[in-house]
Amino acid sequence: MARAAQKKRKEPEQDEDSKSAFAEAVRLEMLSDEEKHEGKEGGDEESDEEVDEFPEINAESDSRSDDEGDVEEEGDEGEDDEGSSPSDSESDSISDIFPKSKDIISEVTGHPKRVYPEIEPEYDSDSSTEDDPNRVGNIPSHWYDDLPHVGYDVNGKRVLRPAKGDELDKFLATVEDPTSWTSAWDKNTQMDKPLSPEELDIIRRLQAGENPDGGYDPYGPTVEWFTGKGKEEVMPLSAAPEPKRRWLPSKWEKQKIMKIVRAIRRGRIVGSKPKTAGDKPQLYDIWNEPPSNQPPPLPAPKPALPTHVESYNPPEEYLPTDAERKVWENTDLEDRKHDHLPQKYSSLRLVPAYDLFIKQRFNRQLDLYLAPRIQRTRLNIDPNSLIPNLPSPSSLRPFPNYCSLKFTHGNARVRCISTSPDGAWVVSGDDAGNVNLWEVNVGREISKWCFDGKIGAVEWCPRTDTSYFVVGTEDKLHFIVPPNLPSVILHATQSALAPAALPPATESPIKWSSSPGQEDGVILTILLPAVSGLTKQIAWHRKGDYLATVSNRESQGSVWIHQVSRRHSQAPFKKIKGAVQLVLFHPIKPHFFVATQRYVRLYNLAEQKLIKTLMPGIKWISSMDIHPSGDHVIVGGYDKKLCWFDLELNDKPYKILR
Amino acid sequence: MGRLKQKGKAGAAKAYMTRSAAVKKLQCSLADFRRLCILKGIFPREPRSRKKANKGSTAPTSFYYTKDIAYLAHEPVLNKLREHKAFAKKISRALGRGEWSIAKNLEDCKPTYRLDHIIKERYHTFIDAIRDIDDALCMIFLFASLPSNDRVSPSLIANCSRLAAEWQLYVMHSRFPQEGLPLHQRNILPGRNHGPGCHLARTISVYAESKIVAVFYNVRGTENTAFRYHQTVDVRVMLTFLELYQTLLGFVFFKLYTDAGLVYPPPLDASRDDAGAGIGAFSVHTVEKNIHISKSDNVGKTASTREVRQAIKTITADQSFVDEDVDIDSRDFAPKPSEVDEEFVVHPSGGEDAIPSLPTLQSLSETRKSTPTSLFSPYTFFLSRETSRTVFEFLIKSFGGRVGWPTSSGSGSPITESDDSITHVIVDRPVINKANESAEEKERRRKRKYVQPQWVVDCINAGKILVEDLYAQGTTLPPHLSPFGGKPGAYDPTVGLSHSEEVLAEEVPESEDGQSSEQNEAEEGVGGVVETVNVRDVDGAESLRAAELAAEAAGMEYGTFEKEVRKLQRKREKKEKAVDQGEEDMGKMLLSNKKRKLYERMKYGEKRRAAEVRLNDLSAFRVSNPLAARNFAEETEGDRPKATW
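Residues numbered from 1 in each chain as written. Chains lettered and ligands numbered in written order. Predicted model: local features only at pLDDT ≥ 70, side-chain atom pairs only at ≥ 80, totals over all residues.

The name given to chain B in an unreviewed UniProt entry is Pescadillo homolog, with the source organism recorded as Boletus reticuloceps. For the record of chain B, the UniProt heading Sequence similarities (unreviewed entry) holds the text "Belongs to the pescadillo family." In its Function (unreviewed entry) section, the UniProt entry covering chain B states "Component of the NOP7 complex, which is required for maturation of the 25S and 5.8S ribosomal RNAs and formation of the 60S ribosome." (UniProt positions renumbered as here; feature names shortened; annotations may be inferred.)

With an unreviewed UniProt entry as reference, chain A is termed Ribosome biogenesis protein ERB1, source organism Boletus reticuloceps. In its Subunit (unreviewed entry) section, the UniProt entry covering chain A states "Component of the NOP7 complex, composed of ERB1, NOP7 and YTM1. Within the NOP7 complex ERB1 appears to interact directly with NOP7 and YTM1. The NOP7 complex also associates with the 66S pre-ribosome."

Engineer: Would you mind going over the overall build of chain A in detail, with residue names and values included?
Structural biologist: The helix and strand tally for chain A stands at 13 helices and 28 strands. Relative to its full complement of 658 residues, chain A shows a buried share of 23%. Residue pairs in contact within chain A that sit at least 24 positions apart in sequence constitute 44% of those at least 6 positions apart. (Helix = DSSP H or I, 4+ residues; strand = E, 2+ residues; numbered from the N terminus. Buried ≥ 20, exposed ≤ 12 C-beta atoms within 10 Å, placed from the backbone. Contact = placed C-beta atoms within 7 Å.)

Engineer: Describe the pairing of strand β17 (residues 535-540) of chain A, listing the residues and the values that go with them.
Structural biologist: All names here are of chain A. When you tally the buried positions in β17, you get six out of six residues, the bulk of the element. Pairing between β17 and strand β18 (residues 546-551): five bridges, direction antiparallel. Each residue of the ladder has a partner; that of Trp540, found in β18, is Leu547. Between β17 and β18, which pair antiparallel and follow one another directly, the connecting turn spans five residues, one of which, Gly544, has a positive phi of 85°. (Pairing = 2+ DSSP bridges.)

Engineer: Summarise the UniProt feature "coiled-coil region" (unreviewed entry) in chain B; cite the residues concerned and give the values.
Structural biologist: With numbering aligned to this structure, UniProt lists the feature "coiled-coil region" (unreviewed entry) at residues 558-585 of chain B. Secondary structure content for residues 558-585 of chain B is 100% helix and 0% strand, while the C-alpha to C-alpha distance between its ends is 40 Å.

Engineer: Now, about helix α3 (residues 30-40) of chain B: what can you tell me, with residues and values included?
Structural biologist: Residues Phe33(B), Arg35(B), Leu36(B), Cys37(B), Ile38(B), Leu39(B) and Lys40(B) constitute the buried set of α3(B). Looking at the buried side of α3(B), the elements it contacts are α12 (357-370) of chain A together with α2 (19-26), α5 (66-73), α6 (76-97), α8 (116-122) and α12 (235-259) of chain B. Count one or two residues on from α3(B) and you reach Gly41(B), which has phi positive near 75°.

Now the structure itself:
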């Protein structure tokens, strides 16, 4: 409403302007531009009008009209309107848009105030009767963007779009016309319209972030509208009766306070204690009461006390040489044995400050609370006392330390050797199948037997009343009686190996065949099963009646126990775990040791069950023997270990020798 | 078949707890956990197998006993720490909102905790506490000399310096032996490495009822102004320790003072303190017992002192034999400082005689006799201004001397420089001849002894008054040796050079073995004669004489004969050694792995110690006899043991 009124008020002036200066089209444009501009400035105008609406403003305007003659104002305007030059018209229109305000002293309040010229409700001010230069009406112009006309006039005729120059014209216009860069396209009038200096000023102000109103004074004096002397409001704004809460004490507040009071009375709320008392810790004899019966915590270990090295004036010999100093400086902080180099000062006053003291204390504290502590008992013993007291090797003399006899064998390798129980004879077997009998005293070969294939084992019978030995070859065992025996022994041997009355034959895959008449001394042969392979070990029982053999084919029938008196052989194990390396008879009990590659098993032959498994921890067992008492076993291995088992202890070695 | 054992339900998996698990269980921050650990004395443990303790993981973590953590969980201080956390949130909220009055109210009800019960738990008896105050005193003295900053408040520093002064005051005051107290006991060892604002760090060992045993100056000097906070030092940790130590020392001093019949805390004269009187600003007052202490209190106190004495007696009885062993052995195995694990070997304490041992002290008492506390009582000292007054005032007064100082070192000196009673002047500057001395001054100079500060300290360590001439002003001082001695078998600088010379003299000819082969061959013929003579036996003096005669008959010179004999002897020794070595090797074969390793470790330690002694011997030899040393060095190039610095 207000805007429309303004528009109407201004239009006649514009009309006159344009009439005098421009052609019709131009005038039309000017006018429309003006209108648009007004729209822009609407805010300002509105504020002005709002001011108008205040009763006081009215009063002011009244007073103002009193001060300055309306006529004079009119006259001014009239003069302006009549000015014919375009520049004049611009300034004129400006003066219309922004009516000049005046600061005057209000008669009523006695304060300075700004007064605007009054709007004359004349015929001029009403534009409704004017013909609108915009003949197409207030329609969105983009409707006709792609049409040759811009709309229709009142009579329904097309209003054609004014001719636009081509690009060259546009360019020429920018070159020739100095105001072209301050002009803007107006859609309503369809042409460029130069901006007025006021508009430019507004643009500049907006750019500078100032108030767009040129006349606005940000530092103007405060205007007290409702406060100050003489402006006190006496009458109440509202006629409502005053509520009760204004003059009655609050019930809820009372309840809350009573709650706190009760809490204080009952001691639930305690007032803050006086500050001075609690500041210092109260000291008393803390160790007066008897200590608790719990064990006290272990005290922390003490750091080492300083030694001569740390003296400020150490003996000369503690001072490092240059080389030592260099070495110390080049070692890392962690690797240094001492954390500082000894240094000598001739006088106490020359000793400098020790910079790392705080660091040292800190490290100590880190040790105290971050380092894990291990409880460890220290051994204070002579290291030599750890070594067992062995008899000196010199006390064990004489050692066999020179070669007394040498038996020269054939070309083949000797694989096995055995001495007779009386120690007078030695029998040896080699890879070529030769078995030689030597006399120990003279070192002479007494006799020689030839067999097919390698000789795996040779063992003399431990019986002293007889004299024979057993030779193990491929799948066969030969019992041989050495030549030149005393007749008593020879007889006993023959009766033991080839008795006149043979014991009843038993069912066995093994054949005992005696050939007593042979001259070469092979008195008895045992044929082992064909696949059993080379006999690699022969173990006699202490009494000389039983012997056990181990063959190198790792099948189930590798171990056999033969009984000479009954001419009976049996395989003690149906199945055995691992490859049997060695077997051994217990000297007293009916026990039988079987060594596989890694374990030694002890079987009870009478009860036919496993007693225990000895675990020597050797990679590959090479040898085994038992003490005549039957309690101690030693087991040797190819990995240079020797284990000593006490059979009364557990299955772990009592001692391991390396 | 019994129940199946589940993994992680028993044994190490239950007994140990990782640190993060502990923090989680206690529901506190890591910083609070550390704080608790420091206050309660809980430290990590090393499980036998980290894998078993940590669910099969070998990640590097620290482990705590689960029981220790359970013990921490019941700690009232932990609750207080939680309350403090809530308080910190509340107050920061109030401050952020600008609610000053609420913030002030909150500040007034700030949760605080007391450490009395922790002190009681950690130190069951007074003896336990006394034994552990060396670390505490070090920290107190350190902080007493530090500047304050935003983390370390001036009031804290002031409290530390007060405690330090109280300690010194007590030691100075109670130098008179307490009747009935076994004087040869030493069970306190505080003040290690440090003194109050002292010119130098010093080591003071004090035994029962605060008797100074030994003083030792080392290079770790500490000038007041030179202390700085290091970047690598976590002040939080130090402050937590300090908190504990302040409380501990408070209670200890209270007990010490009250047992000595003194008022604790000793009143401080502010005006004298301002004038720089130092310890003199404190005054010692005896308690008038019938007024201040009730009868029952009195009974309790005497009982407790008796207990203390009893405890000390039991300590000596137990320690005299056992602890020495332990100590010596711990020194035998003395690890490198870097090996933290090794360093913290806890000496086990038996069940009945539960008072744990203090090996260092025991060894001290073995090696040193006690210094009479009235060592300096006939003398009066005057400290010249370049000496550290606080240290020497403390030392001299503790041993009964009178001491004065110029006003530039602070006020409160009982005597002036012109006092006739002064017997010793402690100066630390070169001699300057004054031209215009009055007769009186000359006379005074003649009467007094001018000694360097080291004299005082060496006198205390020696337990007697040493000859002053060695320490006279301007002379080169004799070496200052540590009273704490070394490990048994370590190099002793006080032993004369004779021993080392012998050693070296033996060593030198050995190096001749590498003589030119030609010479050896030339002597072969001669040597043959001797050998034929001597091979039978050189041991007997008679046979040696016979051999000598035979050699003379063969036309051999006496010098060459002797040489040959020595050579033969050495050869024989070598052979014997080889035989011994063979026997040792055989013995070693019989050892179990564990024992063999132990044996080798012990042997290694022995060898290293021997090398150290030899090194010092060599140095001493070098110092005393540079020319011979050079010759020797040329001969035994590369033979020298590696430097240990």
